[in-house]
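# Survey of secondary and tertiary structure
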Amino acid sequence: MDELTTLLDRKVRTSIRVHGLLVPANSLQSRLHVFCQNLVRYTGVEAFPVQLKGSATGLLYRGRNFLVCTAHQLRDVREEEIGVLFLDENTYISSAGYTRFKASVQQTGSDEVDLCVFDFTEQVEVKASLGRRFFTLRNNDVLEDADEVLGYHAYGCPFDDQTYDIFDNNHVGTVIRSMTCDPEKAPSDPALGSCRLVGAMDFDPNGLSGGSVFATVLHGDEIVLKFAGIINRAGGGVIHFIKAKSVQRLLDLSFAYSKPPRL
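The following refers to the structure shown. (Residues numbered from 1 in each chain as written. Predicted model: local features only at pLDDT ≥ 70, side-chain atom pairs only at ≥ 80, totals over all residues. Heavy atoms only, no water.)

## So, the nonpolar core
- The biggest cluster of nonpolar side chains holds 32 residues, and the ones touching the most others in it are Phe227 and Leu251.
- Elements that contribute at least two residues to this core include exactly strand 1 (15-18), helix 2 (28-32), strand 4 (50-61), strand 5 (64-69), strand 17 (222-235) and helix 5 (244-254).
- The leading source of residues in this core is helix 5, at four residues.
- Those residues in contact with leucine 251 that sit more than four places away from it in its chain are Leu59, Tyr61, Phe66, Val68, Val117 and Leu137.
- Core analysis: the next-biggest nonpolar cluster, separate from the first, contains 18 residues, Met179, Cys181, Cys195 and Phe241 among them. (Core = buried A, V, L, I, M, F, W, Y, C linked by side-chain atoms within 4.5 Å. Buried < 20%, exposed > 50% of the residue type's maximum accessible area, 1.4 Å probe, protein only. Helix = DSSP H or I, 4+ residues; strand = E, 2+ residues; numbered from the N terminus. Contact = heavy atoms within 4.5 Å.)

Below, the structure written as C-alpha cells:
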C-alpha cells in the first residue's frame, strides 16, 4: 500500500490541472496542439483554391466558438475569404463573421490591436467534430501578470512545415509545431509577453503568427494550465505573443456585434 501511495503521489506531482482535471505532463502537448490550426484563404482560383495564411487559435468563450489570429496575417485579404480546412473530408469551412479593430485604432503604438476574431459558432453546431479544436476559455483560465509562470507551451504552423501540393496532387498536408519555452523578459509593450524556446530555433518561424501560447503556473501546491496569448512574431529563439487579457477584451467586444448563440 505504501508503494501504491508513493506512486500515486508522484503521478499527481507530475500532473497539470487543466479545467479542474489532472493531466499527466507527458501527455499535455498532445492535448493542446489541436487548438492550433492553419489559417486558410479561399482564393476562388481553380488551380490554387486555398492559400495558407499562417496559424490560428480556437477558443470557446462565453458559449461561442472563436478562431483568433493576428490582423497582419490578413493584409490584402478580405475577411470573408478566411476559414479553416477540414482535411478528413477535404473541405474548407468559412466563418459566420468577424471582429477586428478599425484601421484608425491600429495606428496606436501597441500590438494589442493586432488581432482579429472569427465566429465559428454556427459551423460547430452543424459539424460537432469541429468543436474539439476550440479550447474552453473561462476567466480563471486567463494568464495574469502576477501569475508565477513555470514554463510556456507554444503552437504554430510555420510555412516550411506544411505540404502544399495542390496543382499536381490536390493535396495539402498540415503540421502543427509544438514548442516548449522558458519565460523571457517581456518587451516594452505591456500588451505583449515573451518566451524563449528551450532548444534552438532551427526552423524558419514565418507562419507562427496566430498560434497559441499556454502557460503552466504554480498555484498553491499544484501546477495549473492557463491561456497565455496569441503569437504575433518570432525570431532569434524568442516568441512574442499578445497577452490573453488583450485577446479576452476583443472577444468581449465581439458580443456587441454578433447575435447570441442558440440554446
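## Some remarks on unusual backbone geometry
- Notably, histidine 19 is not glycine yet its phi reads approximately 55 degrees, a positive angle.
- With respect to the helices and strands, histidine 19 occurs in the loop between strand 1 and strand 2 (21-24).
- Positioned with a positive phi, aspartate 76 is a non-glycine residue whose angle comes to about 60 degrees.
- Along the chain, aspartate 76 falls in the loop between strand 5 and strand 6 (82-86).

All quantities given are derived from atomic positions and should not be read as evidence of function.
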